[in-house]
Amino acid sequence: MNSHEEILCDADGLGLILDRLARDILDAYGKDVPLRLVGIRSRGVPIAERLATRIQAVTGRPVPIGAIDVTLYRDDINTSPRWPVLLGTEIGFPVEGEQIILVDDVLYTGRTARAALNVLLDLGRPARVRLLAAVDRGHRELPIQADFAGMHVRTTRDDRILVQITPADPVDRIVLLRAPGHQPRSV
Amino acid sequence: MAPSPKPPANVRWTHKHLLGLEDLSREEITAILDTADSFYEVSKRDRKKVPALTGRVVFNLFFENSTRTRTSFDLAAKRLSADTQDFTASVSSLSKGETFIDTAKNIEAMGADFMVVRHPTPGAPHLLARNVQSSIINAGDGSHEHPTQGLLDLMTIRRKKGKIEGLTVALVGDISHSRVARSNIWGLLKLGAKVILCGPPTLVPKRFEAMGCEVAYHLDEVLPRVDVVNVLRIQFERAAGGSFPSIAEYSHFYGMTQERVNRAKPDLLLLAPGPINRGVELTPEVADGPNSAILDQVTNGLAVRMAVLYLLSGRKDAPALTTE
């Protein structure tokens, strides 16, 4: 399979996207509301860390970060031939009554976000949960939308989007791997 | 507290059954322990349940008495949202003459995805694995293996000491009748620990040296150089009581007393698979003292059994074992 690789943004571009997302969050909540960021493993966690640094630079308060592993809550877990290794859910703060932003790299069918919501609700009853995605690529299969999206990309179902971010990846960038012989049809 | 950056582990899990630690590689044992660490977090939640095994059926087939292991498997399955069913041999058709395999085939016909089997005969779970399609988990077969106990001991050592490789672990007491000893020996050696077996010569046969263990008869001589002591129960029900002159004498030479703990390394980790004969293998003050991780073992046992159920359910369409 030859897939055509298209760089949607480089390190500077990703930095600008994260700058804007942090501003959008501060606009929506103000500087005085204590926030909690929860990244969906694996790429959601480093994105949440970058955002937390930017928000703290403005508010002067550290933003606690958690990590969610949705594996045990996936709706396709019984159909996969071999089960993935668990990376673990680590949320070191109570979620009860808190303002939480779920952070993921790519929003696609919405099934991962659904699973992450179930993990979060099993841990307590947050005051409000919002969803942030670095890339929204469409093709939703559940009624879930991002409250904050870094960029919208037109894709086909066979395309792949890679959000690469240090230290998980060697470089910061967003890449679209086009499936061969397909033209983008819808968002 | 920031979440730990975790490298993407890449272990292929291909087993349908868990029959013993002898069958597993170092990497596979490590994969179970890593998975169990994730389930430990679930055990600490207020709502201790995840939907991963929704709709699966776990049968407990216990042909020997057990409280801890059966309860632990039952709870582990429930925390994964599986349905559980107990099968008690004494009140079943086995007492009317039905064979072991026929019983298992009937349970399979009821849709059992897993059978957790404890049996006094070594190899009984292996026999089932060759005759039914369900995943078989050995919960203790005679004096052969008790793999989940071995795994929870490994998990407890790893969580308390931060590693297993390079540690010196003494298994003290009735080695010859102990399935816990065999599972511990396989697991510890594969993960790079040094294993010392210590007890009366009648209960610690020299042949264990062939597995790569050191055999010792004097606890006081080995104690200063060990990092972990795992105190095994005297198996009176397997006629171990005839292997030494008196309980008092056994206790005098091999019982873990506070005085012995004081002469060991200060960070000595003390394990006991339970049930313990208080005052025989170890004194109450040691069992409840700061070096003891006996209750951690029980907590970790749940996480290990959740991990095993989770990993084994990944290949439900694999064919039954055709060879041992």
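Since the model is a prediction, treat every value here as computed from it, not as a measurement.

Asks: Describe the overall build of chain A, with residues and values.
Replies: Counting its secondary structure elements, chain A contains 3 helices and 8 strands. Sequence-ordered secondary structure for chain A, helices as α and strands as β, is β-α-β-α-β-β-α-β-β-β-β. In terms of overall dimensions, chain A is globule-like: its C-alpha atoms have a radius of gyration of 17 Å, near the 16 Å expected for 187 residues. In terms of overall dimensions, chain A has C-alpha extents of about 50 × 40 × 30 Å along its principal axes. The buried share of chain A, reckoned over its 187 residues, is 40%. In chain A, the proportion of contacts linking residues at least 24 apart, taken out of those at least 6 apart, comes to 71%.

Asks: So what's going on with the packing of helix α1 (residues 11-29) of chain A against helix α2 (residues 44-59) of chain A? Which residues, and what values?
Replies: Residue and element names in this part refer to chain A. With their axes 9 Å apart at the nearest point, α1 and α2 run at an angle of 55° to one another. One finds that α1 runs oblique with respect to α2. Crossing geometry of α1 relative to α2 is assigned as right-handed. Taken together, the residues of α2 that come into contact with α1 (itself represented by Leu18, Asp19, Leu21, Ala22, Ile25 and Leu26) are Arg50, Leu51, Arg54, Ile55 and Val58.

Asks: Residues and numbers for the domain arrangement of chain B, please.
Replies: All names here are of chain B. According to the domain assignment, chain B contains domain 1 (21-145 + 299-315) and domain 2 (147-294). Averaged C-alpha coordinates put domain 1 and domain 2 at centres separated by 25 Å. Counting residues at the interface gives 22 residues for domain 1 and 21 residues for domain 2. Of all elements in the fold, only α1 (26-43), β4 (135-141) and α11 (294-312) reach the threshold of two or more residues within the side of domain 1 that touches domain 2. No other element matches α11, which puts 6 residues into the side of domain 1 that touches domain 2. Of the residues in the side of domain 1 that touches domain 2, the class split is 9 nonpolar, 7 polar and 6 charged.

Asks: How would you sum up the sheet that holds strand β8 (residues 173-178) of chain A? Please name residues and give values.
Replies: Two strands in a sheet stick together by hydrogen bonds in their backbones, pointing the same way (parallel) or opposite ways (antiparallel). Residues and elements named next belong to chain A. With antiparallel pairing, the 3 strands of this open sheet are ordered in space as β1-β8-β7. Two strands lie at the open edges of the sheet, namely β1 (4-9) and β7 (160-164), each paired on one side alone. For this sheet, the mean angle separating the axes of adjacent strands, direction not counted, is 25°.

Asks: Report on unusual backbone geometry, specifying residues and quantitative values.
Replies: Cis rather than trans, the peptide bond between arginine 41 of chain A and serine 42 of chain A has omega equal to 0°. When you line up the elements, serine 42 of chain A lands in the loop between β2 (35-40) and α2. At the junction of threonine 166 of chain A and proline 167 of chain A, the peptide bond is cis and its omega measures out at 5° in the coordinates. Note that proline 167 of chain A resides in the loop between β7 and β8. The backbone phi angle of histidine 139 of chain A is positive, close to 65°, even though this residue is not glycine. If you check the backbone angles, serine 81 of chain B has positive phi at about 70° while not being a glycine. Considering the arrangement of structural elements, one finds serine 81 of chain B in the loop between α2 (68-79) and β2 (83-88).

Asks: An account of the nonpolar core is needed here, citing residue identities and associated values.
Replies: Residue and element names in this part refer to chain B. Membership of the largest hydrophobic core comes to 147 residues, with the highest contact counts inside it found for Met115 and Leu309. Looking at which element gives the most residues to this core, the answer is α11, with 10 residues. Sequence-distant contacts of methionine 115, that is, excluding residues within four places in its chain, are made with Phe59, Leu61, Ala104, Ile107, Leu128, Ser134 and Ile136.

Basis of the calculations
Residues numbered from 1 in each chain as written. Chains lettered and ligands numbered in written order. Predicted model: local features only at pLDDT ≥ 70, side-chain atom pairs only at ≥ 80, totals over all residues. Helix = DSSP H or I, 4+ residues; strand = E, 2+ residues; numbered from the N terminus. Rg over C-alpha atoms; globule rule 2.2 N^0.38 Å. Buried ≥ 20, exposed ≤ 12 C-beta atoms within 10 Å, placed from the backbone. Contact = placed C-beta atoms within 7 Å. Axes fitted to C-alpha atoms, helices over the stretch in contact; angles between N-to-C directions. Parallel < 35°, antiparallel > 145°, perpendicular 65-115°, else oblique. Left-handed = near helix turned anticlockwise from the far one by under 90°. Domains from an automatic or database assignment. Nonpolar A, V, L, I, M, F, W, Y, C, P; charged D, E, K, R; others polar. Pairing = 2+ DSSP bridges. Core = buried A, V, L, I, M, F, W, Y, C linked by C-beta atoms within 7 Å.

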